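Now for the letters of each chain:
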Amino acid sequence: MPGITEPKDLIVRARAGDTQAWGDLYRDYAPAMFRFCRRALPSKEDAEDATMEIFMKLREKLAQFDTSRSFTAWLYKVAANHCWDMLRRRKARHEKDAEDVDELPLEAPEPNQLEKLIEERTGEEVRKALDRLGARARMALVMRYYSDMSYDEIADALGVRRPFVGVVLLRARHELRQALTENSALAVGGAR
Amino acid sequence: MSDVENAKGKHLDEITLLLYVERQLERDAAQEVSLHTQTCTRCLTLLRALDRESRLLTRSMVEQDEPLPARLAEFHDKVKKSMQWIWGLVFGLAVLGVYALYSTYIEPWQQRLNDAGFGGSNLVSLLVFQGAFWKGWQSMVTLVEFVAFACAAAFGLFAVRRYLRRGAALAVMFASLGLVVALATPAAAAEFRKADSVRIEKDQVIKGDLFVTSESIHMLGTVDGDFYAASKDVEVSGHVTGDVLCACQSLRISGQVDGNIRNLSNNLTITGEIGRSVSSFTETFSLDRNGKIGHSLASFSQSLTVDGTLGRDLLAFFHDGSIAGSVGGEVLAKGGSLNIGDSASIGGKTVFEGDNSPEVASGAKLGSPVEFKKWEHRSHMERRGGYYVWKVIWAAAWILFGLILMSLMPLFAKETVKSAENYGASFGLGVLVFFGVFIAACLACITIVGLLVGISTLFLWMVTLFSSYIVVGAVIGRWLLGREDELWPLVGRMALGVVLIKIGTAIPHLGFWVMLAVWIWGMGAVSLAVYRRLQPVIAPNIPSGPQPPAGTPLPPNTTVGGI
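About the criteria used
- Residues numbered from 1 in each chain as written.
- Chains lettered and ligands numbered in written order.
- Predicted model: local features only at pLDDT ≥ 70, side-chain atom pairs only at ≥ 80, totals over all residues.
- Heavy atoms only, no water.
- Helix = DSSP H or I, 4+ residues; strand = E, 2+ residues; numbered from the N terminus.
- Buried < 20%, exposed > 50% of the residue type's maximum accessible area, 1.4 Å probe, protein only.
- Contact = heavy atoms within 4.5 Å.
- Areas by Shrake-Rupley, 256 points an atom, 1.4 Å probe, with all protein chains shown as cover.
- Core = buried A, V, L, I, M, F, W, Y, C linked by side-chain atoms within 4.5 Å.
- Salt bridge = Lys/Arg side-chain N within 4 Å of Asp/Glu carboxyl O.
- Pairing = 2+ DSSP bridges.
- Arc of directions from axis to C-beta.
- pLDDT = per-residue confidence, 0-100.
- Phe/Tyr/Trp six-rings, centres within 6.5 Å; stacked < 30°, edge-to-face > 60°.
- Axes fitted to C-alpha atoms, helices over the stretch in contact; angles between N-to-C directions.
- Parallel < 35°, antiparallel > 145°, perpendicular 65-115°, else oblique.
- Left-handed = near helix turned anticlockwise from the far one by under 90°.
- Nonpolar A, V, L, I, M, F, W, Y, C, P; charged D, E, K, R; others polar.

A. Structural detail: the overall build of chain B. Broken down by element type, chain B carries 15 helices and 24 strands. Among the 563 residues that make up chain B, the fraction classed as buried is 42%. Counting contacts in chain B only where the partners sit at least 6 residues apart, residues at least 24 apart contribute 32% of the total. Looking at chain B as shown, the accessible area adds up to about 29,300 Å², and 63% of this sits on carbon and sulfur atoms.

In structure tokens:
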């Protein structure tokens, strides 16, 4: 997490039951956690719920945290697991995810057209396109490009084999490109 | 260079390039990619595009596009924060309003209902009319209450744990409560009769409750339980040890009823003896000179005649009323005119509210002089200051109600406000719900079996009706102050809107129509939001790969199927 050093002292105090330390931890990490959840989950309300639940979970799990490791990475791992659990539960209820077609081959993009597509897109457009992605694709992109999680961590969180992570990310990028193209076409259609 | 490579068909897979960009390849494989891209323009371009895509993704993700929501910002220390003064004021006014409502309307009515035999020791008892309608279920009530509360508590805990803010949890709670109550089976034995004409002979004794539906019913025998009747004409000349519940055109009681009478009919004539109380909705009510009611009488009728003996209080609403008999307790009556005859005797005080002062014969024996309150038909221009004070108190109560609803169900609140902005659909559905559901619920209440469903539906209808102010208020607030989906700004907009609606409803002549429009619009919006909630969620159907640009042939070896 940029600009935040490892809060070892706060963690020790929070473990000892210091509410002020808890407040400080929350104040320092809640914005980043909320943004993570906001990117990973379909609605703002879900993200708010998830952020609070993650911190409640954190309170229970902090005793298990190994202080020799990165707190930020651990926190993201907890958040990723929580969000993925939420999405999976929801998927079981509602969705027939596009993951059924995992075995289908992907066609590579035409390099110049891909360059053009990327060049013309803003951050806001990408975030909007994220909303149209399947749960796993979205989660994979957020874990990799927001919280900079390693392939091993992503594999662990998503419950896939490590060599498959690259494919998941590539498929996610393809979905994203498709969503960007469709959003763009809709915007042009709407403007007419 | 690239032309040579293309001709050989040795372009690199996209996945290989991505893994190279992501620094996930082994050293040897990475060197191969590095060498290849020095000579292949196409792969180099794709590699750069993938790298730029990675950076675009990272930039898009970490951009701080929205601040931390207020709910989260206050999460860890919100309990310590003091309430803002404006909410203190609103809360105070609301409490005052609730207290005034309770002391002015609910408490006196509760007392009257208790006197009339509808007494209940708690909410669930009141809901199922313990001791009145369901006397035969008495032994089940305790169990039902226990199970209902256990279910409510379990679901409540479950909901609070994670999904407190979701309307679905509340729906589950109410549904489970309703289910538990509905699934309870009657403990007492009951007899059912259905024929064109039913006659219970004088020497016939029926043990347990009796349910009869018929064109005409004549009960000369004995029912050792409650007697339920739905018919055109009903005459009870025999003996009923429990209650009589009747929906008919004409009911005549010339025998003896030890319990209560609950009646919905055109005419009710009592010449016999009733042990407890009578509650009656009729066109004409008559307690004959020989008739006797042990406890109280609550009557809503066009015409009321009390010539017989009433042990306790009389609570009556009528157009024309006449008392020539004996009333042991108080008389509280509202209506067009009241005549108290020579032979009348009233033990307690007599209060009459109406258009004309009551005519009291000189020979009447009254516990105290009649208190008469003349109905004042004020024009809009004659409204007193108190009217406007009440308007302010009620507005505060609505705002508090809205605040609670929005805090409990923020997502549903936003969805409802969004539905309200779908004007045509909201109004259309609102007309249907406002009139249709109300009529359907009332019809359901008439039948004994549908009573619980009818009352539950009416309850939900009322809640929706009250919520309509909040929904429409929020929409009006958003018109004036701009769109905002955060909780507290939305609450602020709702508060402004509610105040404006209250001002609108106070406008002479126009006020009623404003209120009607708000009800219909708001109810439609709530119904539309519920309808949308119940629709299944469909995941976007995203194909696994992009469509190739028209007319652009793609190389055949750029798949990831082999990985």
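B. Quick look at the nonpolar core. Grouped together as the largest cluster of nonpolar side chains are 85 residues, with contacts concentrated most on A:Phe36, A:Phe71, A:Met139, A:Leu141, A:Met143, A:Leu158 and A:Leu176. With 12 residues, helix α2 (residues 19-40) of chain A is the largest single contributor of residues to this core. Those residues in contact with A:Leu176 that sit more than four places away from it in its chain are A:Val126, A:Ala129, A:Leu130, A:Leu133, A:Leu141 and B:Leu57. Grouped together as the second largest cluster of nonpolar side chains are 44 residues, B:Ile253, B:Leu297, B:Leu314 and B:Ile323 included.

C. Quick peek at the pattern of salt bridges. Taken as a whole, this structure holds 25 salt bridges over all chains when the rule is applied. With its nearest N and O atoms 3.1 Å apart, the salt bridge here joins A:Asp24 to A:Arg27. Here A:Asp24 and its partner A:Arg27 are both found in helix α2, three residues apart, which amounts to about one turn of the helix. For A:Arg173, the salt bridge goes to B:Glu22, with nearest N and O atoms at 3.7 Å. Pair noted here: A:Arg173 is in helix α9 (residues 165-191) and B:Glu22 is in the loop between α2 (14-21) and α3 (27-39), and the two residues belong to different chains. On the basis of relative accessibility, which here comes to 0%, the residue A:Arg173 falls in the buried class. Among the charged side chains, a network of salt bridges with common partners joins A:Arg144, A:Arg173, A:Arg177, B:Glu14, B:Glu22 and B:Glu53.

D. View of the sheet that holds strand β8 (residues 256-257) of chain B. All names here are of chain B. Strand order in the open sheet formed by 10 strands is β2-β4-β6-β8-β10-β13-β16-β18-β20-β23, and the pairing between neighbours is parallel. Bordering the open sheet on either side are β2 (205-207) and β23 (365-366), each of which pairs with just one other strand. Summarising the sheet, strand β16 (residues 309-310) and strand β18 (residues 326-327) pair through two bridges and their orientation is parallel. Residue pairing in the sheet places Thr309 in a bridge with Ser326 of β18.

E. Broad picture of helix α5 (residues 111-119) of chain A. All names here are of chain A. The complete set of buried residues in α5 reads Pro111, Leu114, Leu117 and Ile118. What you see down the axis of α5 is that its buried residues fit within an arc of 120 degrees, all on one side. Those residues of α5 that are exposed and angled more than 90 degrees off the buried face are Lys116 and Glu119.

F. Region of interest: the pairing of strand β7 (residues 244-253) of chain B. Direction of pairing for strand β5 (residues 227-236) of chain B relative to β7(B): parallel, over a ladder of nine bridges. Residue pairing across strands places B:Ala230 opposite B:Ala247, the latter belonging to β7(B).

G. Inspection of the confidence of the model for chain B at higher detail. All names here are of chain B. Looking at chain B, the pLDDT average stands at 75 and 69% of residues meet or exceed 70. Here residues 1-8 is a poorly scored stretch, pLDDT under 50, and it has 12 contacts once near neighbours within four places are set aside; other chains count. Between residues 536-563, whose pLDDT stays under 50, and residues either more than four places distant or in other chains, the model counts 49 contacts. At the level of chain-chain contacts, confidence expressed as ipTM amounts to 0.88, with global pTM at 0.39.

H. Representation of the packing of aromatic side chains. Residues and elements named next belong to chain B. Counted by the stated rule, this structure contains 26 aromatic pairs over all chains. Taken together, a centroid distance of 4.2 Å and an interplanar angle of 0 degrees make the contact between Phe211 and Tyr228 stacked. Taken together, the residues Phe211 in strand β3 (residues 209-219) and Tyr228 in strand β5 connect sequence positions 17 residues apart. A relative accessible area of 6% places Tyr228 in the buried class. A ring pair is formed by Phe318 and Phe352, whose centres lie 6.2 Å apart and whose planes are at 10 degrees; its orientation type is stacked. With Phe318 in strand β17 (residues 314-323) and Phe352 in strand β21 (residues 350-354), the pair connects residues that are 34 residues apart, well separated along the chain. For the pair formed by Phe318 and Phe352, the shared burial category is buried.

I. Here's a closer look at helix α11 (residues 410-420) of chain B. Counting buried positions along α11(B) yields eight of 11 residues, so the element is predominantly enclosed. Residues B:Pro410, B:Phe412, B:Ala413, B:Lys414, B:Thr416, B:Val417, B:Ser419 and B:Ala420 constitute the buried set of α11(B).

J. How the structure looks around the packing of α2(B) against helix α4 (residues 41-62) of chain B. Residue and element names in this part refer to chain B. In the contact formed by α2 and α4, the axes pass within 9 Å of each other and the chain directions differ by 55 degrees. Classed by the angle they form, the pair α2 and α4 counts as oblique. Considering how the two elements wind past one another, α2 and α4 form a crossing that is right-handed. Only Cys43, Leu46, Leu47, Leu50, Asp51 and Ser54 of α4 make contact with α2, whose side of the interface consists of Glu14, Leu17, Leu18, Tyr20 and Val21. Tallied by class, residues from the contact of α2 with α4 come to eight nonpolar, one polar and two charged.

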